Amino acid sequence: MRNRNTLKSLVNLMRPSSLQLGAMLAVTFLLSIPSRALAQATQQASGGEAHLVLPDLSQATFLGINGRTLLESGLVVCALGLLFGLISYTQLKKLPVHKSMGDVSELIWETCKTYLFTQGKFLLVLEIFIGSIIAVYFGALEHMAHIKVVVILLYKLLGIA
């Protein structure tokens, strides 16, 4: 019981106060206000990862293998690895476990789960701030279509996950 109270107190320490959230929001807002010079410089030289043109992989060869075929083969290997891990997990889950070992395992699981939820909340707040800056940059400064900005934000979420 003491371990759970300790974990709850640690979680409460990690929660930002409303004053801290307000300060972070104000700083984010002030940093996202574009100046005229920055807007003009951005319009003149629009480079960066968002403007990259991806080459056709079927035109390139790597060690005599078509690039598209190599990429698709790698995806098949990843799928097979996922299937192997799932089969191993289900076989391991069916094995018997000693009671004391199960209790230790449960304590470790609860500790990790609490840590992951705490970090997840922090990353979510951070994601909101970074996402708002990205939306202002690509939407207002780069004048990208709204659908492209949404795709950039979705891929950013996928990358963080």
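Refer to the structure above for everything that follows.
> Let's hear about the overall build of the chain: which residues, and what values?
Tallying secondary structure elements over the chain gives six helices and two strands in all. Reading the chain from its N end, one meets helices and strands in the order α-α-α-β-β-α-α-α. Counting all 161 residues of the chain, 11% fall into the buried class. Accessible surface for the chain amounts to roughly 13500 Å². Of this, 71% is attributable to carbon and sulfur atoms.

> Before we move on, could you go through the pattern of salt bridges and cite the residues and values that matter?
Counted according to the given criterion, the structure contains four salt bridges. Here Glu72 and Arg68 are joined by a salt bridge, their closest N and O atoms 3.7 Å apart. Note that Glu72 and Arg68 are positioned in helix H4 (residues 67–93) at a spacing of four residues, about one turn of the helix. For Glu72, a relative accessible area of 43% puts it in the partly exposed group. Salt-bridge contacts for Glu110 lead to Lys113; the nearest nitrogen and oxygen are separated by 3.4 Å. Of this pair, Glu110 and Lys113 both sit in helix H5 (residues 99–141), three residues apart, which is roughly one turn of the helix. By relative accessible area, Glu110 is classed as partly exposed at 24%.

> Describe in detail the packing of H5 against helix H6 (residues 146–160), supporting the description with residues and values.
Direction vectors running N to C along H5 and H6 enclose 150°, while the axes themselves pass 10 Å from each other. Considering the angle they form, H5 stands roughly antiparallel to H6. When you trace H5 past H6, the crossing you get is right-handed. Side by side, H5 and H6 meet where Glu127, Ile130, Gly131, Ile134, Ala135, Phe138 and Gly139 of the first sit next to Val149, Ile152, Leu153, Lys156, Leu157 and Ile160 of the second. When the residues that make up the contact of H5 with H6 are grouped by side-chain class, the tally is nine nonpolar, two polar and two charged.

> Run through the environment of Leu124, naming residues and quoting values.
Take Leu124: it is sitting in helix H5. Residue class for Leu124 comes out exposed when judged on its relative accessible area of 53%. Distance from Leu124 to Leu157, taken between C-alpha atoms, is 9.8 Å for residues 33 residues apart in sequence.

> So what's going on with the packing of aromatic side chains? Residues and values would help.
Taken as a whole and assessed by the stated rule, the structure comprises one aromatic pair. Their ring planes at 75° and their centres at 4.9 Å tell us that Tyr137 and Phe138 sit as a pair that is edge-to-face. Accessibility expressed as a relative area gives 32% for Tyr137, which makes it partly exposed.

> Break down the environment of Leu153 for me, citing the residues and quoting the values.
Relative to the assigned elements, Leu153 resides in helix H6. It is 7.6 Å that separates the C-alpha atoms of Leu153 and Ile134, two residues lying 19 residues apart in sequence. In this structure Leu153 touches Gly131, Ile134 and Ala135, once residues within four positions along its chain are discounted.

> Give me unusual backbone geometry: which residues, what numbers.
Not every positive phi belongs to a glycine, and Leu63 is a case in point at roughly 55°. Mapped onto the secondary structure, Leu63 falls in the loop between strand S1 (61–62) and strand S2 (65–66). Phi angles above zero are rare outside glycine, and His143 is one such case at about 55°. Tracing the backbone through its elements, the reader meets His143 in the loop between H5 and H6. Judged by its relative accessible area of 54%, His143 is exposed.

Rules used throughout
Residues numbered from 1 in each chain as written. Predicted model: local features only at pLDDT ≥ 70, side-chain atom pairs only at ≥ 80, totals over all residues. Heavy atoms only, no water. Helix = DSSP H or I, 4+ residues; strand = E, 2+ residues; numbered from the N terminus. Buried < 20%, exposed > 50% of the residue type's maximum accessible area, 1.4 Å probe, protein only. Areas by Shrake-Rupley, 256 points an atom, 1.4 Å probe, with all protein chains shown as cover. Salt bridge = Lys/Arg side-chain N within 4 Å of Asp/Glu carboxyl O. Axes fitted to C-alpha atoms, helices over the stretch in contact; angles between N-to-C directions. Parallel < 35°, antiparallel > 145°, perpendicular 65-115°, else oblique. Left-handed = near helix turned anticlockwise from the far one by under 90°. Contact = heavy atoms within 4.5 Å. Nonpolar A, V, L, I, M, F, W, Y, C, P; charged D, E, K, R; others polar. Phe/Tyr/Trp six-rings, centres within 6.5 Å; stacked < 30°, edge-to-face > 60°.

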